[in-house]
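# Tertiary structure, described
Spelled out, the chains give:
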Amino acid sequence: MPRPVLSTYRLQMRGDCFTFDDAGNLLDYLDRLGVSHLYLSPILSAAEGSTHGYDVTDPTTVSAALGGPEGLQRLSEAARKREIGLIVDIVPNHVGVAHPEQNPWWWDLLRHGRDSLYADYFDIDWDLDNGRIVLPVLGSDDDVADLVVDDDVLRLGDLVFPIAPGTGTGTGSEVHDRQHYRLTGWRSGICGYRRFFSITSLAALRQEDRAVFDASHVEVKRWFDEGLVDGLRIDHPDGLSDPAGYLRWLRELTGPDAWIVVEKILAADESLDASLPVNGTTGYDALREVGGLFIDPAVESPLTAVSGDPDPEAESALKTAAVTDTLASELGRLCRSVTAVTGQRDPRLPAALATLISRIGVYRSDYPALATVLPVAIQESACAAPELTEALTTISVAMSRSNEVVSRFNQLCGAATAKAVEDCLFYRDARLVSLNEVGGAPELFGVTAAEFHQRATTRVRAWPSTMTALSTHDTKRGEDVRARIGLLSQVPETWAESVERWIATSTPPDRDTALFLWQNIFGVWPVDGVVTDELRSRLHGYTEKAIREGATRTSWHDPDVNFENEVHAWLDRVLDGPVAAELTALVSRLEAHARNDILGQKLIHLTAPGIPDIYQGTETTEDSLVDPDNRRPIDHAALRGAMERGDDDKLRVTMAALALRRARPQTFLAGGYTPLPATGSAARHLVAFLRGQDVVVAACRWTVALAETGWQDTVLPLPEGRWLDRLSGRQWAGSVPLVELLADSPVALLERTDD
């Protein structure tokens, strides 16, 4: 019987700097921290040198770079001696194919084509090029002329491809023409296999085929047969043909007690389908809710005035562009599937599909709980573009007749949302960038206490053991950077005046780009104003990614070197010029308020309904930006030092909350959630709730305004009993004045002591 999951600690496993043995050497620290389970990033064999593990090349083996099966065994045994379990991240949707020779299944497929034992493992578009697999991996189509025959392989630089038996005579290009694959330029927009979103180096697996599922989960099954792990995190199940069917098979494989969470990114008005045999999501929904509590909704208009009114049609337009351009290959295949099912060759079919997908606000709409999403989107599309009505009817008919059409449509929906919103719009919207997060809803300016309490009440009833998160390997900014940026909602006039002055002083090449980057710079700016070479390098790296993802003046596919150089030069002017002193002064002025929000959201995250995950290093204050910045190696010696000194407030809050979860597991696993409103003139500045009958959590917010008024007559009426603050050591009962309860800290964690 697996031990109950009370909390998790995410570790980024890396063959170059953090292996199973390194994790084992950290167990004493993590035990003292108070976590119940280690949560490991993917550990199956991945591309050589991979720093993340999501490019699995052999799903049947544990990564030798991490320590192999023996290393996993050692870690599991050592962890269990401390009553700590393991959760492992698995990647069912795709495998890495950047270097075919590293992936035995892909290599065999390219060598033997449809005769390969693995021909059915991959979602190949066999009709695209007369049975040849189109691989858009070259700089241009002309590069085929430079292929070289080397024994039984074709080579081009560091690219290697197999030669089918009996076809290796002649020049490189002549041999290429006889293969089961055709190499093309990556700009062609044509791909002969389903990818992970638009990433050509990640080829999708057909997990809807039971033989593929069994073959790709043989190692995962061993973990559970031998009791090595307690649960799984499932990467991007929405990319599968049949996510629900896959999860049912997975539940059969793991058994009923395994803790399974899925990377399901929910829209603000979307619920996780209750029929799925999982414990919940990986927590992006909770991330939005907890962080949003500290955003003051009253200042939406002033911040909007700085960046300009958002374009209400921007998301729809970007989705349409993503479907018709970036994902053109997937759109073409879907169109062919629709035509094959209906026999209707409608030239408006691509436009109708793109329009329809642009109006679907969820990753995929074929879960039972979302049955009304698609028909409403169809009707909205027909009203907006009456000329597409007949094509929409053709799509509807095809989807009613073919599960394949349904799957491909929904797979394309998810890819379009990821590419258009998370990877583009969220790098353009500069109103308050802390809202631009995976699973975020920037159009909803913050989260009221009423919304938070309602969602927490629902979670404790429907998904009490779902994962909750504040930071992940995929977040656009770390939790503390988001908290710092969120402060701008408390000082909108100061921020507006500052950026206008800074723009005039530093003359950026593009105003919108500067408005977006200013907030991120502010989010990581050091309190002492010392910009190290490391921070400068990180900011330049972030800037390049941000402006290419935003794709207004430059992009990954067509980088504008001149514009990028101008932006980098502007960034150096900011870091080295007079603006730097003003940034330091503003950050210093607001630092106490940033500390408040950092501690407040951390304590709420660790005690609200769900199973909290602590992303590596976030038990102390940190300043990560988007990947790869947030996957940097962690200074574990510094963490140990902070624990020994006991002088880090965030670490102290984390340890206190995790210790209480260990001491009262049923309170957090099965206990209820009850809002505890304060009373008095400053009541809106407090968020408080009761877990079960024996834990009270209180955190103040919007402290810039609170600093001017003070708590005055505001009190928190405590439930019956005597209460000990686990942070201050002080005891309380009855109605407690907040000026006393929060005299020394912006948060309180109370445990009932008379039960």
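This one's a predicted model, so the numbers in the text were calculated from it and none came from an experiment.

Summed over all chains, the structure comprises 15 aromatic pairs. Considering the side-chain rings of Trp106 and Phe122, the 4.9 Å spacing of their centres and the 75° angle between planes classify their relative orientation as edge-to-face. With Trp106 in helix α4 (residues 104-112) and Phe122 in the loop between α4 and β7 (133-138), this pair connects stretches of sequence that are 16 residues apart. Note on accessibility: Trp106 and Phe122 belong to one class, buried. Between the aromatic rings of Phe161 and Tyr181, the centroid separation amounts to 5.8 Å while the plane-to-plane angle is 35°, which identifies the pairing as tilted. Residue Phe161 is located in strand β10 (residues 159-162), and its partner Tyr181 is located in strand β11 (residues 181-185); the two are separated by 20 residues in the primary sequence. Its relative accessible area of 0% is what places Tyr181 among the buried residues. An aromatic cluster of three or more residues is present, and its members are Trp495, Trp502, Trp518, Phe522 and Trp570. Above the plane of the ring of Phe522 lies Arg484, whose end atom (NZ or CZ) is 5.8 Å from the centre. One residue, Arg701, lies across the ring of Trp702, its end atom 3.8 Å from the ring centre.

Look at the link from Asp627 to Pro628: it is a cis peptide, with omega at 5°. Note that Pro628 resides in the loop between β18 (611-615) and α24 (636-645). Unlike most non-glycine residues, Asp151 shows phi in positive territory, near 60°. By secondary structure assignment, the location of Asp151 is in the loop between β8 (148-150) and β9 (153-156). The backbone of Thr507 sits at a positive phi, close to 45°, despite the residue not being glycine.

Across the two faces of β10 the burial is the same, with Leu159 and Phe161 and Val160 and Pro162 all buried. One ladder, built from four bridges, connects β9 with β10; its direction is antiparallel. Paired with Val153 across the bridge in β10 is Pro162. Counted between consecutive antiparallel strands, the loop separating β9 from β10 contains two residues, among which Gly157 sits at a positive phi close to 60°.

Take the UniProt feature "domain: Glycosyl hydrolase family 13 catalytic" (unreviewed entry) in the chain next. In the numbering used here, UniProt assigns the feature "domain: Glycosyl hydrolase family 13 catalytic" (unreviewed entry) to residues 6-661. The annotated region residues 6-661 carries 46% helix and 11% strand content, and the separation between its end C-alpha atoms amounts to 7 Å.

On to helix α15 (residues 389-401), then. For α15, spanning 13 residues, the distance from its first C-alpha to its last is 19 Å, which sits close to the expected 18 Å at 1.5 Å a residue. By the burial criterion, the buried members of α15 are Ala391, Leu392, Thr394, Ile395, Ala398 and Met399. Looking straight down α15, one finds that the buried residues subtend no more than 155° of arc, so they occupy a single side. Summarising the geometry of α15, the exposed residues directed more than 90 degrees from the buried face are Glu390, Ser400 and Arg401. Buried residues along α15 sit against α12 (328-342), α13 (349-358), α14 (373-384) and α16 (403-422).

Let us look at the pattern of salt bridges. Under the definition given, this model contains 65 salt bridges. Between Arg536 and Asp572 there is a salt bridge, with the nearest N and O atoms lying 2.9 Å from each other. Of this pair, Arg536 sits in helix α21 (residues 533-550) while Asp572 sits in helix α22 (residues 561-576), and the two are 36 residues apart along the sequence. The structure contains a network of salt bridges with shared partners spanning Arg10, Asp89, Arg233, Asp235 and Glu263.

Strand order in this open sheet of six strands is β19-β20-β21-β26-β23-β24, and the pairing throughout is antiparallel. Strands with a single pairing partner mark the edges of an open sheet, and in this sheet they are β19 (673-675) and β24 (731-732). In this sheet, strand β20 (residues 686-691) lies alongside β19 in antiparallel orientation, the contact comprising three bridges. Bridged to Pro675 within β20 is Phe689. Sitting on the sheet, helix α17 (residues 449-462) is in contact with β19 and β20, with an inclination near 165° to β19.

By the secondary structure assignment, Arg548 is in helix α21. Side-chain polar atoms of Arg548 contact the side chain of Glu564, separated by 2.7 Å. If we skip the residues at most four places from it in the chain, Arg548 touches Thr554, Ser555, Trp556, Pro559 and Glu564.

With that settled, the discussion passes to the sheet that holds β8. With respect to topology, three strands assemble into an open sheet ordered β8-β9-β10, the strand pairing being antiparallel. Taken across any chain shown, the strands that pair with only one partner, and hence form the sheet edges, are β8 and β10. Ignoring strand direction, the axes of neighbouring strands in this sheet form an average angle of 35°. Against the sheet, α4 contacts β9 and β10, and its axis sits at roughly 60° relative to β10.

For the rest of this paragraph, the subject is empty space enclosed by the protein. In this approach, a probe sized like a water molecule rolls over the atoms, and the result shows the empty space that is left. Enumeration over the complete set of coordinates arrives at seven cavities of 30 Å³ or more. Volume-wise, the largest cavity comes out at about 270 Å³. Lining the largest cavity are 22 residues, with Arg194, Arg195, Glu330, Gln411 and Leu412 positioned closest to its centre. Secondary structure elements with two or more residues in the lining of the largest cavity: β12 (195-196), α12 and α16. The element contributing the most residues to the lining of the largest cavity is α16, with six residues. Of the residues assigned to the lining of the largest cavity, the class counts are nine nonpolar, seven polar and six charged. Estimated volume of the second largest cavity: approximately 220 Å³. Together, 21 residues line the second largest cavity, and Arg288, Gly291, Gly292, Ser434 and Leu435 are the ones closest to its centre. When residues of the lining of the second largest cavity are traced back to their parent elements, those giving at least two are α9 (284-292), α18 (479-486) and α23 (579-607). Residue composition of the lining of the second largest cavity, grouped by class: nine nonpolar, eight polar and four charged.

Cut-offs applied
- Residues numbered from 1 in each chain as written.
- Predicted model: local features only at pLDDT ≥ 70, side-chain atom pairs only at ≥ 80, totals over all residues.
- Heavy atoms only, no water.
- Phe/Tyr/Trp six-rings, centres within 6.5 Å; stacked < 30°, edge-to-face > 60°.
- Helix = DSSP H or I, 4+ residues; strand = E, 2+ residues; numbered from the N terminus.
- Buried < 20%, exposed > 50% of the residue type's maximum accessible area, 1.4 Å probe, protein only.
- Lys NZ or Arg CZ within 6 Å of the ring centre and 35° of its normal.
- Pairing = 2+ DSSP bridges.
- UniProt positions renumbered as here; feature names shortened; annotations may be inferred.
- Expected span 1.5 Å × (residues − 1).
- Arc of directions from axis to C-beta.
- Contact = heavy atoms within 4.5 Å.
- Salt bridge = Lys/Arg side-chain N within 4 Å of Asp/Glu carboxyl O.
- Axes fitted to C-alpha atoms, helices over the stretch in contact; angles between N-to-C directions.
- Polar contact = N/O pair within 3.5 Å; in protein donor to acceptor, adjacent residues only side chain to side chain.
- 1 Å grid on protein atoms, 1.4 Å probe; cavity = no way out; pocket = protein on both sides within 12 Å on 5 of 7 lines; lining within 4 Å.
- Points joined across faces, edges and corners; volume = space filled by probe spheres on them.
- Nonpolar A, V, L, I, M, F, W, Y, C, P; charged D, E, K, R; others polar.

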